[in-house]
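# Overview (structure and organization)
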Amino acid sequence: MSLDTHLSEARRQIEICNACRYCEGFCSVFPAMTREKAFADGDLTHLANLCHNCRGCYYSCQYTEPHEFALNIPAALAEVRQDSWERLVGPQVLAKAFHRSGVAIAAVLVFGFALLMALISMMRPVSGEGFYAELSHNLMVALFAPAFLLPLYAVAVGLRRYWVETGAPKMALRDVFIAFKQAGQLKNLNGGQGQGCNFEREDRYTDARRWFHQAVLFGFLLCFAATSVATLMHYLLDLKAPYPLLSLPKMFGITGGVLLVIGTIGLGWLKTKADPELGAKRVWGGEMGFIALLGFTAASGLALYAATGSAAMPTLLVLHLGAVATLFLLLPYTKMVHGFFRLNALIAEEAIKRRGSM
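Model, not experiment: these values are computed from the prediction.

## Details of the overall build of the protein chain
Within the protein chain, the regular secondary structure consists of 14 helices and zero strands. When the helices and strands of the protein chain are read in sequence order from the N terminus, they spell out α-α-α-α-α-α-α-α-α-α-α-α-α-α. Against the 2.2 N^0.38 benchmark of 21 Å for 358 residues, the protein chain shows a C-alpha radius of gyration of 22 Å, consistent with a compact globule. A burial count over the protein chain gives 49% of its 358 residues as buried. Counting only contacts in the protein chain whose residues sit at least 6 apart along the sequence, the fraction spanning at least 24 positions is 75%. Summed over its atoms, the accessible surface of the protein chain is roughly 17200 Å², and 66% of this surface lies on carbon and sulfur atoms. Side-chain charges in the protein chain split into 32 positive and 26 negative, and the spacing between the mean points of these groups amounts to 5 Å.

Below, the structure written as structure tokens:
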């Protein structure tokens, strides 16, 4: 189906919801919806990125099939949301390719980069301890800095385009603070009344999805903190790796890795239990591919910690670095981009509400 078809169907359904308003307290989508009587394309993009696909509204709705209105708001907004990421970040061909063949693409890139790292490691550094005995610190920085920064630039361009398309007003510091607080709490996964969401099918309200999402979120932040602290220690304090077990980089990294493994396994398990008709079915494989890639990156990092000093360390190092490079380079075209867009939508929503209260 085309973008216009997805937008037209979402508009039809949202207009019916706006007349009913039974689900007004479920999440941020419904209060935002009630501000409008007619919905431009940018309005639908904004509502779609506020949606967390918890599916509570679907199982509470009296107008789903077999009713003639045949409402399926989670699926309608999921399609618009996916279209927005592909269209605003671009090039669309990369996102579409990953979501069509995500597992295969991720596997090929991980092992391809691992092979490249293995070949580079044959040129042993003159000196170095631990991992740096295999690959020098400067070489790792030269390889991974562009692989991290260029995808972030592509995402930043997409977020700017989102702001223009939705017509959101200028943000204030207060808007950012409130949005970060909501994102940290995953407020919109509480089902509206604090009972959780029923992503797992029908009336099984639980907090499982919220807990697993939080494990992934805080696991990723802890791993990022580990890298950031290690960078400061290296350049500002002249403390070179490897670091002891009770150092901040190791404690942050190990804790974050464990949380990521738990979170990705949990989210993958829930996804197999969920009804595919209530999401964007065409990207199911890509979403599972991303979950597997993120989980493998964390698990290989933990294995690398455990194998430090052993004969398995060089092999695990290149595999882990291959996974990290793949995760970074595919960032704008995988489900990871949803975190940036959802936070952007929450900030925009607070800015819109603040403007309306003036």
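## Section: the pattern of salt bridges
A side chain with one charge may pair with a side chain of the opposite charge, provided their charged atoms come close. Applying the stated criterion across every chain yields a total of 13 salt bridges. Lys96 is the salt-bridge partner of Glu86, the closest N and O atoms lying 3.1 Å from each other. Of this pair, Glu86 sits in helix 5 (residues 73–89) while Lys96 sits in helix 6 (residues 92–100), placing them ten residues apart in sequence. Judged by relative accessible area, which is 2%, Glu86 ranks as buried. Assessed through its relative accessible area of 35%, Lys96 is described here as partly exposed. Of the charged contacts, one joins Glu165 and Arg87 as a salt bridge, the two residues approaching to 2.5 Å between their closest N and O atoms. With Glu165 in helix 8 (residues 137–166) and Arg87 in helix 5, the pair connects residues that are 78 residues apart, well separated along the chain. Each of Glu79, Asp83, Glu86, Lys96 and Arg282 takes part in one network of salt bridges that share partners.

## Some thoughts on the packing of aromatic side chains
If you walk through the whole model with that rule in mind, you get five aromatic pairs. Seen in terms of ring centroids, Phe148 and Phe224 are 6.4 Å apart; in terms of plane orientation they differ by 35 degrees. Their pairing is tilted. Pair noted here: Phe148 is in helix 8 and Phe224 is in helix 10 (residues 208–235), with a separation of 76 residues, a long-range link. According to the relative accessible area criterion, Phe148 is partly exposed, its value standing at 24%. Overall, the relative accessible area of 45% leaves Phe224 in the partly exposed class. Both rings, one in Phe148 and one in Phe328, keep their centres 5.0 Å apart while their planes meet at 55 degrees; by these two values the pair is tilted. Taken together, the positions of Phe148 in helix 8 and Phe328 in helix 13 (residues 313–329) put the pair 180 residues apart, joining distant regions of the chain. Put simply, the rings of Phe148, Phe224 and Phe328 pair up and form one aromatic cluster.

## Here we look at the nonpolar core
Formed by 63 residues in total, the largest nonpolar core has its most connected members in Ile14, Val29, Phe30 and Phe341. Core analysis: the second largest hydrophobic core is formed by eleven residues, Met140, Phe144, Met313 and Val324 among them.

## A short note on the packing of helix 11 (residues 248–273) against helix 12 (residues 284–306)
Between helix 11 and helix 12, the shortest axis-to-axis distance is 9 Å and the interhelical angle comes to 150 degrees. With respect to helix 12, the element helix 11 is oriented roughly antiparallel. When the axes of helix 11 and helix 12 are compared, the crossing they make is left-handed. Tallied by class, residues from the contact of helix 11 with helix 12 come to 14 nonpolar, six polar and three charged.

## Here's the deal with the state of the cysteines
One pass over the full model with this rule turns up zero disulfides. Free cysteine Cys27: the closest other cysteine sulfur is in Cys54, separated by 5.9 Å. Taking the relative accessible area as the measure of exposure, Cys27 reaches 15% and is therefore buried. Note on Cys54: relative accessible area 9%, which makes it buried.

## Details of a nonpolar patch on the surface
Together, Val141, Leu232, Tyr235, Leu236, Leu237 and Leu239 line one region of the surface with nonpolar side chains, adding up to about 620 Å² of accessible area. You can see Leu232 is positioned in helix 10. Note on Leu232: relative accessible area 49%, which makes it partly exposed.

## Quick word on the packing of helix 7 (residues 102–121) against helix 13
Interhelical geometry of helix 7 versus helix 13 gives an angle of 130 degrees and a closest axis separation of 7 Å. With respect to helix 13, the axis of helix 7 lies oblique. In this structure, helix 7 crosses over helix 13, and the sense of that crossing is right-handed. The residues of helix 13 that touch helix 7, namely those facing Ala106, Leu109, Val110, Phe111, Phe113, Ala114, Met117 and Ala118, are Val318, Leu319, Leu321, Gly322, Ala323, Ala325, Thr326 and Leu329. Among the residues making up the contact of helix 7 with helix 13, the classes are represented as 14 nonpolar, two polar and no charged.

## Quick look at the confidence of the model for the protein chain
Per-residue confidence for the protein chain gives a mean pLDDT of 86, with 92% of residues at or over 70. At the level of individual helices and strands, the protein chain shows its lowest average pLDDT in helix 6, which scores 82, and its highest in helix 3 (residues 41–50), which scores 95.

Thresholds applied
Residues numbered from 1 in each chain as written. Predicted model: local features only at pLDDT ≥ 70, side-chain atom pairs only at ≥ 80, totals over all residues. Heavy atoms only, no water. Helix = DSSP H or I, 4+ residues; strand = E, 2+ residues; numbered from the N terminus. Rg over C-alpha atoms; globule rule 2.2 N^0.38 Å. Buried < 20%, exposed > 50% of the residue type's maximum accessible area, 1.4 Å probe, protein only. Contact = heavy atoms within 4.5 Å. Areas by Shrake-Rupley, 256 points an atom, 1.4 Å probe, with all protein chains shown as cover. Lys, Arg positive; Asp, Glu negative; His and termini not counted. Charge placed at Lys NZ, Arg CZ, Asp CG, Glu CD. Salt bridge = Lys/Arg side-chain N within 4 Å of Asp/Glu carboxyl O. Phe/Tyr/Trp six-rings, centres within 6.5 Å; stacked < 30°, edge-to-face > 60°. Core = buried A, V, L, I, M, F, W, Y, C linked by side-chain atoms within 4.5 Å. Axes fitted to C-alpha atoms, helices over the stretch in contact; angles between N-to-C directions. Parallel < 35°, antiparallel > 145°, perpendicular 65-115°, else oblique. Left-handed = near helix turned anticlockwise from the far one by under 90°. Nonpolar A, V, L, I, M, F, W, Y, C, P; charged D, E, K, R; others polar. Disulfide = S-S within 2.5 Å. Patch = residues over 30% accessible without salt bridge, like charges linked within 9 Å, V, L, I, M, F, W, Y side chains within 5 Å. pLDDT = per-residue confidence, 0-100.

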